[in-house]
Amino acid sequence: MVSSLAGFVALHHVWYWLLLGLTVFTLMPEWKTTRGRTVAWAYVAVATVVGVLMLYRPILPSVENDGAGLW
């Protein structure tokens, strides 16, 4: 379990992009309706910015075993 957790921590930013791609695929029908289009585009835009930030500074490898890490 520990080795698989360490592998996830090392590659969590890659998994993020994979799951974001799946999320975009599921949101495609919403882009065709006027009601959900704005929310879907805003979600994808914010998630893309977060993904780019995680490419340059991955979050999980920098977490320590202290109060800040718990937060």
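Note that this is a predicted model, so its numbers are computed, not measured.

**Brief notes about the side chain of H13**
Argument step 1. Secondary-structure assignment places H13 in helix α1 (residues 2-27).
Argument step 2. For H13, a relative accessible area of 16% gives the class buried.
Argument step 3. With sequence-adjacent residues up to four places away left out, H13 is seen in contact with M54, L55 and P58.

**Regarding the confidence of the model for the protein chain**
Close reading of the predicted structure is inappropriate where its pLDDT is low.
Argument step 1. Taken residue by residue, the protein chain gives an average pLDDT of 82. The fraction at 70 or more is 92%.
Argument step 2. Mean pLDDT across the elements of the protein chain ranges from a minimum in helix α3 (residues 67-70), with 70, to a maximum in helix α2 (residues 34-56), with 88.

**Some details on the packing of aromatic side chains**
Argument step 1. Under the counting rule described, the total for this entry stands at two aromatic pairs.
Argument step 2. A ring pair is formed by W31 and W41, whose centres lie 4.5 Å apart and whose planes are at 10 degrees; its orientation type is stacked. A residue pair is termed long-range when its members are at least 10 positions apart, and W31 in the loop between α1 and α2 and W41 in helix α2 qualify at 10 residues.

**Overview of a nonpolar patch on the surface**
Argument step 1. Side chains of L5, F8, L11, V14, W15, L18, L19, L22, I59, L60 and V63 sit close together on the surface and give an oily, nonpolar patch of about 1,000 Å² of accessible area.
Argument step 2. Overall, the relative accessible area of 46% leaves I59 in the partly exposed class.

**Points about the environment of F8**
Argument step 1. Structurally, F8 can be placed in helix α1.
Argument step 2. Using a relative accessible area of 41% as the deciding quantity, one classes F8 as partly exposed.
Argument step 3. For F8 and L60, which are 52 residues apart along the polypeptide, the C-alpha to C-alpha distance reads 9.0 Å.
Argument step 4. Setting aside anything within four residues of it in sequence, one finds F8 in contact with W15 and L60.

**Section: the packing of α1 against α2**
Argument step 1. The geometry of α1 relative to α2 is characterised by a closest axis approach of 10 Å and an angle of 165 degrees between their N-to-C directions. As the angle between them shows, α1 and α2 are arranged roughly antiparallel. Here α1 runs over α2; the crossing is left-handed. Within the contact between the two elements, α1 uses H12, H13, Y16, W17, L20, T23, V24 and L27 and α2 uses A40, Y43, V44, A47, T48, V50, G51, V52, M54 and L55.
Argument step 2. Of the residues belonging to the contact of α1 with α2, the class tally is 13 nonpolar, five polar and no charged.

Each value, and the rule that gives it
Residues numbered from 1 in each chain as written. Predicted model: local features only at pLDDT ≥ 70, side-chain atom pairs only at ≥ 80, totals over all residues. Heavy atoms only, no water. Helix = DSSP H or I, 4+ residues; strand = E, 2+ residues; numbered from the N terminus. Buried < 20%, exposed > 50% of the residue type's maximum accessible area, 1.4 Å probe, protein only. Contact = heavy atoms within 4.5 Å. pLDDT = per-residue confidence, 0-100. Phe/Tyr/Trp six-rings, centres within 6.5 Å; stacked < 30°, edge-to-face > 60°. Patch = residues over 30% accessible without salt bridge, like charges linked within 9 Å, V, L, I, M, F, W, Y side chains within 5 Å. Areas by Shrake-Rupley, 256 points an atom, 1.4 Å probe, with all protein chains shown as cover. Salt bridge = Lys/Arg side-chain N within 4 Å of Asp/Glu carboxyl O. Axes fitted to C-alpha atoms, helices over the stretch in contact; angles between N-to-C directions. Parallel < 35°, antiparallel > 145°, perpendicular 65-115°, else oblique. Left-handed = near helix turned anticlockwise from the far one by under 90°. Nonpolar A, V, L, I, M, F, W, Y, C, P; charged D, E, K, R; others polar.

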